[in-house]
Every structure is written in C-alpha cells, then in structure tokens.
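# Inside the fold
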Amino acid sequence: MIYGIGTDICDVRRIRASLGRHGDRFASKILSDAEFATWKARSERWPERGLRYLATRFSAKEAFSKAIGLGMTHPMTWRRCEVATLPGGKPTLVLHGELKDWFEARHLSAHISVTDETDYAASFCMVEILDK
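In what follows, the accompanying structure is described. (Residues numbered from 1 in each chain as written. Predicted model: local features only at pLDDT ≥ 70, side-chain atom pairs only at ≥ 80, totals over all residues. Heavy atoms only, no water.)

## Things to note about the layout of surface pockets
Of the voids in this model, the largest pocket is the one considered here, and its volume is about 220 Å³. Looking at the largest pocket, it is lined by 15 residues, and the ones nearest its centre are Thr92, Leu93, Phe103, Leu108 and Ala110. Mapped onto the lining of the largest pocket, the elements with two or more residues apiece are β3 (91-95), α5 (97-105) and β4 (108-116). Of the residues forming the lining of the largest pocket, the biggest block, five residues, is contributed by β3. Tallied by class, the residues present in the lining of the largest pocket amount to nine nonpolar, three polar and three charged. As a volume, the second largest pocket reaches approximately 170 Å³. In this structure, the second largest pocket is lined by 14 residues; those nearest its centre are Arg42, Tyr53, Arg57, Ala84 and Thr85. At the level of elements, α3 (33-45), α4 (47-67) and β2 (81-85) are the ones that each hand at least two residues to the lining of the second largest pocket. Taken together, the residues of the lining of the second largest pocket break down into six nonpolar, three polar and five charged. (1 Å grid on protein atoms, 1.4 Å probe; cavity = no way out; pocket = protein on both sides within 12 Å on 5 of 7 lines; lining within 4 Å. Points joined across faces, edges and corners; volume = space filled by probe spheres on them. Helix = DSSP H or I, 4+ residues; strand = E, 2+ residues; numbered from the N terminus. Nonpolar A, V, L, I, M, F, W, Y, C, P; charged D, E, K, R; others polar.)

## Some points on unusual backbone geometry
Cis geometry is adopted by the peptide bond preceding Pro75, which originates at His74 and carries an omega value of 10°. A positive phi angle is found at His107, which is not glycine, with a value near 55°. With respect to the secondary-structure elements, His107 resides in the loop between α5 and β4.

## A word on the sheet that holds strand β5 (residues 120-129)
Across the sheet, three strands lie side by side as β1-β5-β4; this open sheet has antiparallel pairing. Either end of the sheet is taken by a strand with one partner, and the two such strands are β1 (2-11) and β4. The sheet shows a mean angle of 10° between the axes of neighbouring strands, taken without regard to direction. Direction of pairing for β1 relative to β5: antiparallel, over a ladder of nine bridges. Directly across from Gly6, in β5, lies its bridge partner Cys125. Together, β1, β4 and β5 form the strand contacts of α4, whose direction differs from that of β1 by roughly 150°. Along the sheet, α5 makes contact with β1, β4 and β5, crossing β4 at roughly 120°. (Pairing = 2+ DSSP bridges. Axes fitted to C-alpha atoms, helices over the stretch in contact; angles between N-to-C directions. Contact = heavy atoms within 4.5 Å.)

Structure representation (structure tokens):
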C-alpha cells in the first residue's frame with residue numbers, strides 16, 4: 001500500500017548560486033559523507049557534472065521528505081538521507097540514524113527516481129508500506 005508520494009524540481013542555477021555564496025559548506029550541509037566525496041571527485045573532474053549531482057541529491061531528498069510527510073523536520077535531515085546508486089545505475093535511498101529507525105518502525109520502503117537537464121533537476125519518490 002502507498003504511504004506517500006513526493007516530487008521536486010530544483011533549479012540548477014539556484015544551486016550554483018548557493019554554492020558560489022557558501023562553497024563546500026553548502027554541499028556538506030546537504031550531502032552525506034559518501035555523497036560529499038563523490039561530489040568532490042566529480043566537481044574536480046567535471047564541474048558541471050558535480051553541480052548536477054548536488055542538484056539531483058537536493059531534489060531527491062526534498063521529494064523523499066514530502067513522501068514521508070515530514071518535510072525537513074525531525075527525524076528527517078539532509079545528511080540522514082543518502083542517495084546511493086546501485087551497480088546497474090538505479091538510485092536508491094540509504095537512511096541513517098534516527099531517520100532509519102523511524103522509517104523501519106513503520107515498515108516502509110522507498111523508491112526514488114532522479115533526472116537532470118541543463119537548468120533543472122527533478123525527482124519522484126514513492127514510499128510504500130511493506131507487509132508485516
């Protein structure tokens with residue numbers, strides 16, 4: 001059964017401006033340690049690809065926060081929600097700490113899709129209740 005759905009569209013130019021104002025501090029607020037390492041590596045090699053990576057993670061976390069109905073309130077935080085990539089390229093969510101505990105206590109499962117173009121990153125998230 002569906003618990004919730006969420007979608008988000010993010011203007012990549014807005015992320016670029018925030019990054020310009022706040023530098024790595026902005027990225028470290030949004031990204032988990034693993035995501036931050038990936039972002040740094042991509043940004044050093046292909047700055048635009050790094051920027052889009054950050055924008056898709058921002059968008060995916062916003063979509064997830066909407067799907068679970070919490071927004072950015074406890075236990076949901078930017079860094080407790082990680083967007084990882086499975087070997088075939090499929091994005092997946094990895095939750096940490098109190099958010100993971102909250103999510104598992106409700107027997108939930110999440111599915112996430114992300115996409116980006118030059119100026120926009122978009123995400124869709126569906127959260128379902130698993131059979132107990």
